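Given next are the chains, with one letter for each unit.
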Amino acid sequence: MDCYGKYLHVRSDAEKKARRRKILRRNLIATAMASPPFIGFLLFTTLPMIISLAISFTELHSYNLSLAKFTGFGNYVEVLRSDMLWTAVLNTLYYCLSVPLNLCLALFIANVLTRKIVCGKAVRVILFIPQVCSSVAVTLMWQWIFEDNYGVINTVLSALNIPKIHFMTDKNWFMPAVLTISLWQNGTNVVLLEAAFANINKSLQEAARIDGASERRVFWRVTLPGLTPTVFYMVTMNLITALQEQTVMQIITTNGVGPGYRALTLVYYIYRMAFTYTSTMGMGMACALSWIVALIIIIIMRINFKLGQKWVCYD
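Residues numbered from 1 in each chain as written. Predicted model: local features only at pLDDT ≥ 70, side-chain atom pairs only at ≥ 80, totals over all residues. Heavy atoms only, no water.

**Student:** I would appreciate a short explanation of the overall build of the protein chain in the present structure.
**Tutor:** When you go through the protein chain residue by residue, the secondary structure sums to 14 helices and two strands. On C-alpha atoms alone, the protein chain measures out to a radius of gyration of 27 Å, which is more than a quarter above the 20 Å that the 2.2 N^0.38 rule sets for 315 residues. For the protein chain, buried positions account for 36% of its 315 residues. For the protein chain, contacts bridging at least 24 residues in sequence account for 64% of all contacts bridging at least 6. Carbon together with sulfur atoms contributes 67% to the accessible area of the protein chain, which is approximately 19,900 Å² in total. Here the protein chain contributes 28 positive and 15 negative side-chain charges, whose respective centroids are spaced 10 Å apart. (Helix = DSSP H or I, 4+ residues; strand = E, 2+ residues; numbered from the N terminus. Rg over C-alpha atoms; globule rule 2.2 N^0.38 Å. Buried < 20%, exposed > 50% of the residue type's maximum accessible area, 1.4 Å probe, protein only. Contact = heavy atoms within 4.5 Å. Areas by Shrake-Rupley, 256 points an atom, 1.4 Å probe, with all protein chains shown as cover. Lys, Arg positive; Asp, Glu negative; His and termini not counted. Charge placed at Lys NZ, Arg CZ, Asp CG, Glu CD.)

Right, dumping it as structure tokens:
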């Protein structure tokens, strides 16, 4: 009997054994379901990371790990002394301008789509189509558009007797062309921001209008603060992606590195260290730079989260 005067059921030994078997079976099923992704993470993420960290302290110019020679922190020193490293850093930072540009454009488009427009669903589909296309195919298409001699843009300029723009061979025009490609693939940002607009507290907006606030003031004082959690998420994810850009740079160039090495971003430099400059740099320096880039991204994200506490509004 418990403290309330009720009789408690005392389980028999058979009931206890059945309960233990049931719990064991449930735990085994849960473990079996959770094991495949966990094992995959260990095999294809953790193990390669450990191997790359070990290789970063060695001199290795092939895939044969038995040929690796321990050099300590020599690879890290050589990487930091490389002139191309700072070129790659500047190119990567230049490409990171795509983050604020994409967010501003997505914010404008999402704001327009929240209003009733003709063929709104069709417009949303058209905006999202580039996002699901292959990055390689999209880059090849834009390469055809920007091509110096027979590209779409330069063909039109020639027909209008306007001098051609050498997007692929002029270092001053190359990066703006690449940023244009990133602006075109902006569908996910638009969808996320449109959903954020839909979740804004309408009563606060109406209260501000009743108090005499203009639409511009309502946007800056009520709507935009409500969007900041989504904007913060987009800044974080887009910045990480921009810091690791390689595909577009590798495919769109005509000489492998772009005019004036403008296409040489940090991750693309890692790739070329490992597979192009194998005889002079090799896997060891590539792995060393990989860990340096990872550390840079971690530091930037830490700063990003710290700053986010000052402007992100979760209320």
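**Student:** I keep staring at the nonpolar core and nothing clicks. Help me out?
**Tutor:** Among the nonpolar cores identified, the biggest contains 64 residues, and Val79, Met249, Tyr269, Met273 and Leu289 are the most heavily contacted of them. No other element matches helix α14 (residues 282-311), which puts ten residues into this core. (Core = buried A, V, L, I, M, F, W, Y, C linked by side-chain atoms within 4.5 Å.)

**Student:** Where do I start with the packing of aromatic side chains in this structure?
**Tutor:** Under the criterion given, the structure shown has twelve aromatic pairs. Residues Phe57 and Phe73 carry aromatic rings whose centres are separated by 5.2 Å and whose planes lie at 90 degrees to one another, so their mutual orientation is edge-to-face. Remark: Phe73 occurs in the loop between β2 (69-70) and α2 (74-81) and Phe57 occurs in the loop between α1 (13-55) and β1 (58-59); sequence separation between them is 16 residues. By relative accessible area, which is 60% here, Phe73 ends up exposed. (Phe/Tyr/Trp six-rings, centres within 6.5 Å; stacked < 30°, edge-to-face > 60°.)

**Student:** Could you clarify how one ought to interpret the environment of Trp173 in this entry?
**Tutor:** Topologically, Trp173 is positioned in helix α8 (residues 171-184). A residue is classified by how much of its surface remains accessible, and Trp173, at 39% relative accessible area, is partly exposed. With 101 residues separating them along the chain, Trp173 and Ala274 place their C-alpha atoms 28 Å apart. For Trp173, the contacting residues outside a window of four places in its chain are Ile165, His166 and Phe167.

**Student:** When you look at a nonpolar patch on the surface in this model, what are you seeing that I'm missing?
**Tutor:** Residues Phe38, Ile39, Phe41, Leu42, Leu43, Phe44, Leu47, Ile51 and Leu65 make up a contiguous nonpolar surface patch of roughly 890 Å² in combined accessible area. Within the secondary structure, Leu43 is located in helix α1. Classification of Leu43 by relative accessible area gives partly exposed; the value is 47%. (Patch = residues over 30% accessible without salt bridge, like charges linked within 9 Å, V, L, I, M, F, W, Y side chains within 5 Å. Salt bridge = Lys/Arg side-chain N within 4 Å of Asp/Glu carboxyl O.)

**Student:** How should the packing of α1 against α14 be read in this particular structure?
**Tutor:** Packed helix pairs are specified by the crossing angle of their axes together with the interaxial distance, meaning the distance between the axes. Contact geometry for α1 and α14: axes closest at 8 Å, N-to-C directions at 115 degrees. The hand of the α1/α14 crossing is left-handed. In this structure, α1 contributes Met49, Ser52, Leu53 and Ile55 to the contact, and α14 contributes Met283, Gly284, Cys287 and Trp291. Grouping the amino acids of the contact of α1 with α14 by side-chain chemistry returns six nonpolar, two polar and no charged. (Axes fitted to C-alpha atoms, helices over the stretch in contact; angles between N-to-C directions. Left-handed = near helix turned anticlockwise from the far one by under 90°. Nonpolar A, V, L, I, M, F, W, Y, C, P; charged D, E, K, R; others polar.)

By themselves, these figures tell us nothing about what the structure is for.
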